[in-house]
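# A structural walkthrough
Here's the letter readout for the chains.
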Amino acid sequence: MKGSRPEQAVLTRDTDLSKTDETRRVIESMVDGLNDHRINDIGEFFADGFRWMGNQGCGTKTGLKEFQDNWQRPFQAAFSDKTCIDEARLYMGEWAAAFGRQEATHSGTFMGIAPTGKRVEIRYMDFWKVVDGKIVDNWVNVDFAHVAAQLGVDFFNGEGWEAYDRGERLAPRPDQQG
């Protein structure tokens, strides 16, 4: 990249590292709440006006009610017998991050896919900001394409780059574009 560079890590620049233990407590308790399938009282961990910002297919929720009605309830309707397993967590002041998986049974309609009864792995990454003991922001990436593939649906219609990995197609190169 030539010339000036964009400013990086603006949101975490002034984090208060003395808040790390409080952030850890909130996140660990919230994950336990999710594993207990709590919906109605999940506000114990989330600020009323918090923002939940998901990738394409997940949507963006503004406020606790939208999160409950447009994420938690549809997700639990589609996937039962669900367990959240964070494989790694990082804490820094008011910030926390995790990646992991949920293991669940596909027991309701998901993205137009009728229930199959199959056990699936739902991979995710979360980034949270905690203020005054509540989550105020949550950036989320849930790998719905991976879930759909486990259910026999290819969101990419065979155009996924896994074909390069399997040697089925030759990956394009920038110097070969014309």
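Residues numbered from 1 in each chain as written. Predicted model: local features only at pLDDT ≥ 70, side-chain atom pairs only at ≥ 80, totals over all residues. Heavy atoms only, no water.

- An unreviewed UniProt entry lists the protein chain under the name Ester cyclase, with Halocynthiibacter halioticoli given as the organism.

### Observations concerning the pairing of strand β1 (residues 46-53)
- With four bridges joining them, β1 and strand β6 (residues 134-142) adopt parallel strand pairing. Looking across to β6, one finds that Arg51 is bridged to Asp137.
- Pairing between β1 and strand β2 (residues 60-62): three bridges, direction antiparallel. Bridge assignment links Met53 to a residue of β2, and that residue is Thr60.
- The antiparallel hairpin formed by β1 and β2 contains six residues in its connecting segment, where Gly57 sits at a positive phi of about 100°. (Pairing = 2+ DSSP bridges. Helix = DSSP H or I, 4+ residues; strand = E, 2+ residues; numbered from the N terminus.)

### Digging into helix α1 (residues 20-35)
- Relative to the 22 Å expected for 16 residues at 1.5 Å per residue, α1 spans 23 Å between its end C-alpha atoms, a close match to the ideal helical length.
- Taken as a whole, α1 has its buried residues at Thr20, Thr23, Val26, Ile27, Met30, Val31 and Gly33. Along the axis of α1, the buried positions cluster into a sector of 155°, meaning they face one direction only.
- As for α1, its buried residues are in contact with β1, β3 (79-92), β4 (95-106), β5 (119-131) and β6. (Expected span 1.5 Å × (residues − 1). Buried < 20%, exposed > 50% of the residue type's maximum accessible area, 1.4 Å probe, protein only. Arc of directions from axis to C-beta. Contact = heavy atoms within 4.5 Å.)

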